[in-house]
2 protein chains.
Amino acid sequence: MTADATDTDDLGLYEGLVTTRAIRRYRPEDIPEDDLNRLLFAATRAPSGHNRQPFRFVVVRRTPETAEIRAVLTRGFQEAWVPNRTEPADGDTSRPARMARTMSHFVDHIGEAPVLVFACLDHRVGGTGLAAGASVFPACQNLLLAAHALGYGGAMTNWHRLVTDELGALLGLPDEVSIAATIPLGRPVGGHGPVRRLPLPQLVYENRWDEPAPWAVDPPGTRYTGG
Amino acid sequence: MTADATDTDDLGLYEGLVTTRAIRRYRPEDIPEDDLNRLLFAATRAPSGHNRQPFRFVVVRRTPETAEIRAVLTRGFQEAWVPNRTEPADGDTSRPARMARTMSHFVDHIGEAPVLVFACLDHRVGGTGLAAGASVFPACQNLLLAAHALGYGGAMTNWHRLVTDELGALLGLPDEVSIAATIPLGRPVGGHGPVRRLPLPQLVYENRWDEPAPWAVDPPGTRYTGG
């Protein structure tokens, strides 16, 4: 990568890894093409099995010709969210209430996201099953991290799943190609920051399943899932 | 994350994403426990479906009690490499010859890697199939990127696959848990740097499969797969 790749990047690699959040609300600005190029370039630098690169990214912006793709996707997201949709009471500012509002807003407005990236896997090159994911999801994670680096944000979703066939037809996907993830991108409303996870001893073991590693401890100030 | 998380990190987030290579030769030094902690902490900050975190990392170091795990893994790696193993002529310094030597060294010495991380997926929480990979491979990518940030390197492999059952027994994995990737880590012999990939127009499309995005162009100096 040339030197100008870091011009806008004051954020350190390690710090970026531990502060990249799922961003589900976007400001209305478009993403300039230069930034799109850098985002997708970073995504495609990720590893894949045997470096065969079975990942392909179909990028959809807010143009008139993509209206149907966006409409179908919105319907798919909304249908997938139905079982979990709730209407928090006015004035309820609890975390569950805020998350419920964010998620409802997310699925209702997914079609207006500045950019939609359909991360696809070509099974003819990348195989099938869990292991095939090693050849597409690292690239998705690179894309989300690159978004953070350049002042954007996004979220990895599988919420296209109820409209997979319709989307496949609209995007012209060959039969042997799956959408592994739908990733909206845009300038965040709100921002990145520390994430909430299970306590590290529940996630990291040494030598044997369920045996916590004595050195695996959360740093001071870590916030936990459900807290 | 606390401020000291970035003490050793001069590398920018974006630059790190585009210069993290698979590292397959390691210097003999151990990885200090503080660094192991930071590496695994970063891995577990990755996203997962519904933030359910079905990923679990079993870390194996070079202690006497892990000798059998390392021996079984070495046998598995070597068996998986048999179909591709070649002996380049002395003095052949072509890229394929160098890669052949690196890979043979890698599988023959995998048991001596300073740290082996078995990235596991609990299917009871994370589901099955390709989509389940969205809940473990982003964490694996974070681990590899964090390694780069802290001066280490590693490689994502599926080469445990011929000894999965034996490893599962030695690691005490429940039946519903898979090893999604085996990731050795250590100080690199050689170093990180730009990676080789297919030309960007082959990987990034706009609106429709196989329609290159006019803005998706490789920056000057990009190196290509097979070049």
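Below you will find a few notes about this structure. If you're wondering where the values come from, they're calculated on a predicted model, not measured in any experiment. (Residues numbered from 1 in each chain as written. Chains lettered and ligands numbered in written order. Predicted model: local features only at pLDDT ≥ 70, side-chain atom pairs only at ≥ 80, totals over all residues. Heavy atoms only, no water.)

### Concerning the interface of chain A and chain B
Item 1. The interface of chain A with chain B comprises 94 residues on the first partner and 93 residues on the second.
Item 2. Summed over both partners, the interface of chain A with chain B buries about 7,800 Å², with 63% contributed by carbon and sulfur atoms.
Item 3. Considering only the surface of chain A that becomes buried against chain B, A:Y14, A:W209 and A:W215 emerge as the three largest contributors, covering 12% of it.
Item 4. In this structure, the connection of chain A to chain B is made through 2 salt bridges.
Item 5. With a closest N to O distance of 2.8 Å, B:E206 and A:R61 form a salt bridge. (Contact = heavy atoms within 4.5 Å. Buried area = accessible area lost by both parts, 1.4 Å probe. Salt bridge = Lys/Arg side-chain N within 4 Å of Asp/Glu carboxyl O.)

### Examining the sheet that holds strand 2 (residues 115-122) of chain A
Item 1. Ordered in space as 3(A)-4(A)-2(A)-1(A)-6(B), the 5 strands form an open sheet in which the pairing is mixed. Because the sheet does not close on itself, it has two edges, and the strands there are strand 3 (153-154) of chain A together with strand 6 (204-206) of chain B.
Item 2. Examined bridge by bridge, strand 1 (residues 55-61) of chain A and strand 2 of chain A share 7 bridges and lie antiparallel to one another. Across the sheet, residue A:F57 finds its bridge partner in strand 2 of chain A, namely A:A119.
Item 3. Each of strand 1, strand 2 and strand 4 (177-186) of chain A together with strand 6 of chain B is contacted by helix 2 (residues 33-43) of chain A, which is oriented at about 160° to strand 1 of chain A, the strand it contacts most. (Pairing = 2+ DSSP bridges. Helix = DSSP H or I, 4+ residues; strand = E, 2+ residues; numbered from the N terminus. Axes fitted to C-alpha atoms, helices over the stretch in contact; angles between N-to-C directions.)

### So, the packing of helix 3 (residues 67-81) of chain A against helix 8 (residues 164-171) of chain A
Residue and element names in this part refer to chain A.
Item 1. In contact at an axis separation of 10 Å, helix 3 and helix 8 are set at 170° when each is read in the N-to-C sense. Taken together, helix 3 and helix 8 sit at an angle that is classed as roughly antiparallel. Where helix 3 approaches helix 8, its residues E68, I69, V72, L73 and R75 are matched on the opposing element by E166, L167, L170 and L171. (Parallel < 35°, antiparallel > 145°, perpendicular 65-115°, else oblique.)

### Some details on the relation of the copies chain A and chain B
Item 1. For these two chains of identical sequence, chain A goes onto chain B by a turn of 180° and a shift of 0.0 Å along the axis, with RMSD 0.0 Å. This pairing of chains is accounted for by a two-fold axis.
Item 2. Looking at chain A, 99% of its interface residues are interface residues in chain B too, so the copies touch through the same face. (Least-squares fit on C-alpha atoms with pLDDT ≥ 70 in both.)

### Structural notes on the nonpolar core
Item 1. With 90 residues, the main nonpolar core has A:L39, A:F137, B:L39 and B:F137 as its most contacted residues.
Item 2. With near-sequence residues (within four places) excluded, B:F137 lies in contact with A:L130, A:A131, A:G133, A:A134, A:F137, A:P138, B:M156, B:A180 and B:A181. (Core = buried A, V, L, I, M, F, W, Y, C linked by side-chain atoms within 4.5 Å. Buried < 20%, exposed > 50% of the residue type's maximum accessible area, 1.4 Å probe, protein only.)

### Quick look at the pairing of strand 1 (residues 55-61) of chain B
Consecutive residues of a regular strand have side chains that alternate between opposite faces of the sheet.
Item 1. Across the 7 residues of strand 1 of chain B, 7 count as buried, placing the element largely inside the fold.
Item 2. Burial along strand 1 of chain B is two-sided: the residues B:F55, B:F57, B:V59 and B:R61 and B:R56, B:V58 and B:V60 are all buried.
Item 3. Both strand 6 (residues 204-206) of chain A and strand 1 of chain B contribute to a ladder of 3 bridges, which runs parallel. Following the sheet pairing, A:V204 is matched in strand 1 of chain B by B:F57.

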